[in-house]
Amino acid sequence: QVQLVESGGGTALPGGSLRLSCTASGRYAMGWFRQTPGKDREWVAHINYKGDNKYHNTPVRGRFTISRDTKNTVYLQMNNLKPEDTAVYYCAADTQNNRLVQPDYWGQGTQVTVSS
């Protein structure tokens, strides 16, 4: 089975930065999602299998950047954090498509809290 392991969550001040990492057991199209209790899960960013196509959702565009290395790790660099970025962040993999269409594996989630 595919395994995804996340790290990098924590607490930051407004305007601060955090970097999340997600290491998968293979090279897949991957993405980041976030969820606040009582609200639907929201996509944040995703990157294709090769890493040459990246997408960022409107609320984070210009502040967050998704990237991947030459192995199986995907990153989410989060700059200029805002309190509304507070959520549990999940990485996900789509093992059936070159770009992320429908995630079929999920990481364990990591808490990001932005507060003064």
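Located above this text is the structure these notes cover.
Residues numbered from 1 in each chain as written. Predicted model: local features only at pLDDT ≥ 70, side-chain atom pairs only at ≥ 80, totals over all residues. Heavy atoms only, no water.

Undergrad: Please explain the overall build of the protein chain as it appears in this structure.
TA: Scanning the protein chain from N- to C-terminus turns up zero helices and eleven strands. Each helix (α) and strand (β) of the protein chain, taken in turn from the N terminus, gives the series β-β-β-β-β-β-β-β-β-β-β. Here the C-alpha atoms of the protein chain give a radius of gyration of 13 Å, agreeing with the 13 Å that 2.2 N^0.38 yields for 116 residues. For the protein chain, the spread of C-alpha atoms along the principal axes amounts to about 40 × 25 × 20 Å. Expressed as a percentage of the 116 residues in the protein chain, the buried residues total 44%. At a minimum sequence separation of 6, the contacts of the protein chain that also span at least 24 residues come to 53%. For the protein chain, the accessible surface area stands at approximately 6,200 Å², while carbon and sulfur atoms represent 45% of it. When the 13 positive and 9 negative side-chain charges of the protein chain are each reduced to one mean point, those points stand 5 Å apart. (Helix = DSSP H or I, 4+ residues; strand = E, 2+ residues; numbered from the N terminus. Rg over C-alpha atoms; globule rule 2.2 N^0.38 Å. Buried < 20%, exposed > 50% of the residue type's maximum accessible area, 1.4 Å probe, protein only. Contact = heavy atoms within 4.5 Å. Areas by Shrake-Rupley, 256 points an atom, 1.4 Å probe, with all protein chains shown as cover. Lys, Arg positive; Asp, Glu negative; His and termini not counted. Charge placed at Lys NZ, Arg CZ, Asp CG, Glu CD.)

Undergrad: Looking at this structure, I do not really get the pairing of strand 5 (residues 42–47). What am I missing?
TA: Along a regular strand, successive side chains alternate from one face of the sheet to the other. Bridge count between strand 4 (residues 29–35) and strand 5: five bridges; the pairing is antiparallel. Across the sheet, the residue bridging to glycine 31 is histidine 46, located in strand 5. Between strand 4 and strand 5, which pair antiparallel in sequence order, lie six residues; one of them, glycine 38, sits at a positive phi of approximately 85°. Where strand 5 lies against strand 6 (residues 54–56), three bridges are found, and the strand directions are antiparallel. Across the sheet, alanine 45 pairs through a bridge with histidine 56, a residue of strand 6. Where strand 5 folds back on strand 6, the antiparallel hairpin that results is connected by six residues, among which glycine 51 adopts a positive phi of roughly 90°. (Pairing = 2+ DSSP bridges.)

Undergrad: Got a minute to help me understand the environment of glycine 109 in this structure?
TA: With respect to the helices and strands, the residue glycine 109 is situated in the loop between strand 10 (105–106) and strand 11 (110–114). With 76 residues separating them along the chain, glycine 109 and phenylalanine 33 place their C-alpha atoms 9.3 Å apart. Excluding residues that lie within four positions of it along the chain, glycine 109 makes contacts with Glu6, Val88, Tyr89 and Tyr90.

Undergrad: I keep staring at unusual backbone geometry and nothing clicks. Help me out?
TA: A positive phi is found at asparagine 80, a non-glycine position, where the angle reads about 50°. Within the secondary structure layout, asparagine 80 lies in the loop between strand 8 (73–78) and strand 9 (87–94). Exposure remark for asparagine 80: the relative accessible area of 43% places this residue in the partly exposed category.

Undergrad: Can you help me understand the nonpolar core in this one?
TA: Side chains of nonpolar character tend, in soluble globular proteins, to be buried together. Core analysis: the biggest nonpolar cluster contains 26 residues, and Trp32, Leu76, Met78 and Tyr89 have the highest contact counts within it. Of all the secondary-structure elements, those providing two or more residues to this core are strand 3 (18–24), strand 4, strand 5, strand 7 (64–68), strand 8, strand 9 and strand 11. What leucine 76 contacts, discounting residues up to four positions off in sequence, is Leu18, Arg19, Leu20, Trp32, Val44, Ala45, Phe64, Thr65, Ile66 and Tyr89. (Core = buried A, V, L, I, M, F, W, Y, C linked by side-chain atoms within 4.5 Å.)

Undergrad: What should I look at first to understand the packing of aromatic side chains in this one?
TA: Each aromatic ring pair is described using two quantities: the centre-to-centre distance and the angle formed by the ring planes. One pass over the full model with this rule turns up one aromatic pair. Stacked on the ring of tyrosine 49, the Lys or Arg arginine 27 has its end atom at 4.4 Å from the ring centre. Above the ring of tryptophan 106, the side-chain terminus of arginine 41 is found at 4.4 Å from the ring centroid. (Phe/Tyr/Trp six-rings, centres within 6.5 Å; stacked < 30°, edge-to-face > 60°. Lys NZ or Arg CZ within 6 Å of the ring centre and 35° of its normal.)

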